[in-house]
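These are the residues of each chain, in order.
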Amino acid sequence: MSSKLAALQRWVDEVAALTRPAKIHWCDGSESEYQQLVQQMLQTGDLIELNQQTHPGCYLHRSSPSDVARVEHLTFVCTKTEEDAGPNNHWMAPADAHAKMDALFDGCMEGRTMYVIPYCMGPIDSPLARCGVEITDSPYVVANMRTMTRMGAAAQARIEREGTFVKGLHSTGELDPERRFIMHFPEELTIKSYGSGYGGNALLGKKCHALRIASYQAKSEGWLAEHMLIVGIENPQGETHYIAAAFPSACGKTNLAMLIPPEAYRQDGWKVWTVGDDICWMRPGADGRLYAINPEAGYFGVAPGTSDATNPNALSTIARDTIFTNVAVTADNQPWWEGLPGTPVTDWQGRPYDPANGPAAHPNSRFTVSAKQCPTWSPRAEDAQGVPISAIVFGGRRPSLIPLVFEAKDWKHGVLVGAAMGSETTAAATGAVGVLRRDSMAMKPFAGYHYGDYFRHWLSFDQPGAKLPKIFHVNWFRKGEDGRFLWPGFGDNLRVLQWMIDRVEGRAAGNHTPIGTLPKAGEIELDDLQLDRATIDTLFHVDHAGWTAELAAIGEYLDSFGERMPTELHDEQQRVAKALHDAAVTP
Ligand code: GTP
Ligand code: SPV
Ligand code: MN
């Protein structure tokens with residue numbers, strides 16, 4: 001096959017001349033192509049068949065043990081000037097980065113097949129969708145891209161019609177962490193990734209394109225590319241509000257997007273609809289509201305912790321036609337991870353399970369599955385115009401200080417709340433786990449340009465005629481002195497979302513505090529939860545001394561971005577700090 005778009009054909013020819021594959025395969029995205037790839041991977045051992053009685057169409061992939069997560073220290077944004085990448089990114093001069101990468105790609109596909117993957121991020125007919133082409137030598141990447149994006153002939157046709165596409169070049173290389181780089185060239189709409197087969201490093205449509213490159217494009221084109229889930233909450237009257245929520249990696253997006261209401265809510269007629277679980281592209285519509293699409297077509301979700309008790313929706317989604325990466329297996333060859341009933345026999349590295357070696361499933365083990373298999377897949381998930389967003393939610397893993405929920409005063413305050421987000425690090429990226437760090441809007445690893453410019457872009461949406469969503473902050477991860485989570489989380493998070501909707505609809509008065517509006521007693525239904533008084537007090541308490549210190553730390557953080565940090569955010573930080581101070585001196 002080939003392309004009638006000269007720019008695409010020329011680029012494929014250039015890449016082939018550099019990487020020297022034995023064969024070139026243009027992916028059409030068909031079922032038969034997928035089945036052939038699966039058969040081939042079963043033969044090479046890239047895939048292992050799981051129990052087909054219990055899990056039809058399910059396979060296991062074991063990655064190299066040194067290639068199990070995103071590598072932020074090896075991920076670069078290569079803008080012409082270092083300043084444009086910002087202190088939030090690693091930077092390399094484009095010419096140096098190209099030279100470094102092209103040396104790695106030189107001859108790297110000898111004897112292998114080079115796959116050309118045309119893909120579309122977003123519904124194929126959506127004006128908000130964008131296309132790209134990934135070239136890779138990994139059949140595992142092809143199989144995953146087929147599930148995660150609209151891949152193949154229709155995407156290629158759109159690319160040939162539009163004439164533009166993001167170029168992504170990937171090779172698994174030797175999987176040597178010393179020869180591993182994920183490079184982005186936003187000004188050239190180009191990505192080069194070498195030496196990793198792991199999701200976020202290798203499925204280039206996902207974080208590389210749909211967040212790093214797209215956020216850069218969104219800035220100049222007036223839209224937002226965010227690390228957010230999109231969920232529809234339908235009340236007993238049949239009205240649906242859509243909520244977008246940004247939590248850092250492995251901090252609960254998939255779970256909130258697939259939430260099952262508590263029993264009493266279900267009986268009252270509450271329903272939850274999943275639009276997206278990881279990435280959200282949104283832009284103002286003609287009516288001034290923000291409209292959002294999920295650019296992805298599948299879920300690349302965290303396996304550990306997924307169970308009937310926490311996320312039964314996810315569990316039924318992945319009962320068939322799913323690729324599992326780095327999970328354990330049971331004696332009868334079913335996939336297994338911590339949180340599931342049953343016993344692991346073989347760990348994620350293929351060794352006989354021994355607790356002395358750590359968890360049976362890798363903490364960042366994942367499933368790849370089509371979004372359509374989710375029982376709560378939204379009927380509007382493929383809406384070309386997107387869904388209107390009523391509320392934006394920020395949150396992270398904060399064991400102390402941050403209450404269960406609060407609402408920002410207005411858009412500007414909401415942008416500060418998002419910028420100030422902090423969370424404990426997780427296994428989604430290599431490095432220490434459980435370390436509190438700032439992760440503004442959950443985009444620290446994904447904003448493709450200077451955070452100061454990014455916050456300015458967020459502020460720019462506050463314009464006459466705009467009907468912006470309300471902005472909230474949540475914390476499902478508050479811990480007690482015994483180290484246990486104070487809030488039950490998961491399905492019970494609907495109680496908090498309901499309060500947000502009540503606020504949006506003007507039904508809840510709230511309790512105004514210097515840090516924002518918290519629920520008044522009784523506005524969130526807690527009676528049937530068996531939480532003791534002290535727990536409830538902690539979850540809804542505003543600790544003035546703690547918050548004063550937090551605001552000071554936020555101020556220092558804003559300062560670290562220098563002159564590009566909008567003064568409005570500094571002013572806003574000072575407004576909140578002053579409100580805290582005044583509240584402390586007023587009897
Ligand atoms: P990425 O795919 O990495 O972007 O992550 P994500 O934000 O989609 O995270 P996910 O929903 O997969 O959750 C990650 C982990 O957090 C899982 O182990 C969940 O079981 C756990 N988790 C999710 N929601 C909650 C919650 O409300 N409370 C508690 N305690 N844990 C949660
Ligand atoms: C994340 O790390 O936020 C993920 C998984 O969603 S990855 O696609 O690897 O980025
Ligand atoms: Mn993510």
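To keep things clear, this report deals only with the structure shown in the data block. (Residues numbered from 1 in each chain as written. Chains lettered and ligands numbered in written order. Predicted model: local features only at pLDDT ≥ 70, side-chain atom pairs only at ≥ 80, totals over all residues. Heavy atoms only, no water.)

Focus: the site of ligand 1
Around ligand 1, a shell composed of 21 residues is seen, among which Ala 250, Lys 253, Thr 254, Asn 255 and Arg 366 lie nearest. The separation between an oxygen atom of ligand 1 and a polar side-chain atom of Arg 366 is 2.8 Å. Look at ligand 1: alone it shows 660 Å² of surface, and the protein chains cover 92% of it. The biggest single contributor to the shell around ligand 1 is helix H9 (residues 253-257), with three residues. Here the residues of the shell around ligand 1 are counted per class, giving nine nonpolar, eight polar and four charged. (Near = heavy atom within 4 Å. Polar contact = N/O pair within 3.5 Å; in protein donor to acceptor, adjacent residues only side chain to side chain. Areas by Shrake-Rupley, 256 points an atom, 1.4 Å probe, with all protein chains shown as cover. Helix = DSSP H or I, 4+ residues; strand = E, 2+ residues; numbered from the N terminus. Nonpolar A, V, L, I, M, F, W, Y, C, P; charged D, E, K, R; others polar.)

Re the environment of Asn 357
Tracing the backbone shows Asn 357 in the loop between strand E20 (335-336) and strand E21 (366-370). A relative accessible area of 38% means that Asn 357 is categorised as partly exposed. With 80 residues separating them along the chain, Asn 357 and Asp 277 place their C-alpha atoms 31 Å apart. (Buried < 20%, exposed > 50% of the residue type's maximum accessible area, 1.4 Å probe, protein only.)

With respect to the coordination of the manganese ion (ligand 3)
Distances from the manganese ion (ligand 3) to its protein donors, Lys 207 (NZ), His 227 (NE2) and Asp 278 (OD), fall at 2.2 to 2.4 Å. For the manganese ion (ligand 3), the six donor atoms in the first shell make angles of 67 to 173° at the metal, so the coordination geometry reads as irregular. In primary sequence terms, the donor set of the manganese ion (ligand 3) follows K-x19-H-x50-D. With Lys 207 in helix H8 (residues 205-221) and Asp 278 in the loop between strand E14 (271-276) and strand E15 (280-284), this residue pair connects regions lying 71 residues apart in the sequence. In this structure, Lys 207 and Asp 278 share a single accessibility class: buried. (Donors = N, O, S within 2.8 Å, 3.2 Å for Na, K, Ca; no water. Tetrahedral: all angles 85-135°; square planar, octahedral: opposite > 155°, others 65-115°.)

A look at the sheet that holds strand E2 (residues 48-49)
Judged by pairing direction, the sheet is mixed, and its five strands sit side by side in the order E2-E3-E18-E21-E17 without closing on themselves. For this open sheet the edge positions go to E2 and strand E17 (298-302), each flanked by a neighbour on one side alone. The pairing of E17 with E21 spans five bridges and is antiparallel. The residue bridging Gly 301 from the neighbouring strand is Phe 367, located in E21. Packing against the sheet, helix H5 (residues 139-148) makes contact with strand E3 (59-61), E17, strand E18 (323-325) and E21, and its axis sits at approximately 55° to E21. (Pairing = 2+ DSSP bridges. Contact = heavy atoms within 4.5 Å. Axes fitted to C-alpha atoms, helices over the stretch in contact; angles between N-to-C directions.)

Some thoughts on the nonpolar core
The biggest cluster of nonpolar side chains holds 124 residues, and the ones touching the most others in it are Ile 392, Phe 394 and Trp 458. Apart from the residues lying within four places of it in its own chain, the contact partners of Trp 458 are Leu 224, Glu 226, Met 228, Ile 392, Phe 394, Trp 411, Val 415 and Met 441. (Core = buried A, V, L, I, M, F, W, Y, C linked by side-chain atoms within 4.5 Å.)

Quick look at the site of ligand 2
Near ligand 2 there are 13 residues, and of these Arg 70, Tyr 198, Gly 200, Lys 207 and Ser 249 occur at the shortest range. Take Gly 200: an N or O atom from its main chain is 2.8 Å from an oxygen atom of ligand 2. Relative to its unbound accessible surface of 280 Å², ligand 2 loses 98% to contact with the protein. Secondary-structure elements contributing two or more residues to the shell around ligand 2 are helix H7 (199-202) and H8. Residue composition of the shell around ligand 2, by class: four nonpolar, four polar and five charged.

Quick look at the packing of helix H12 (residues 411-419) against helix H13 (residues 451-459)
Remark: H12 packs on H13, axes separated minimally by 10 Å, with the N-to-C direction vectors making an angle of 150°. With respect to each other, H12 and H13 are oriented roughly antiparallel. Every pair of crossing elements has a handedness; the one defined by H12 and H13 is right-handed. Residues Trp 411, Lys 412, Val 415 and Ala 419 of H12 form the contact with H13, whose participating residues are Phe 455, Trp 458 and Leu 459. Class assignment of the residues belonging to the contact of H12 with H13 gives a composition of six nonpolar, no polar and one charged. (Parallel < 35°, antiparallel > 145°, perpendicular 65-115°, else oblique. Left-handed = near helix turned anticlockwise from the far one by under 90°.)

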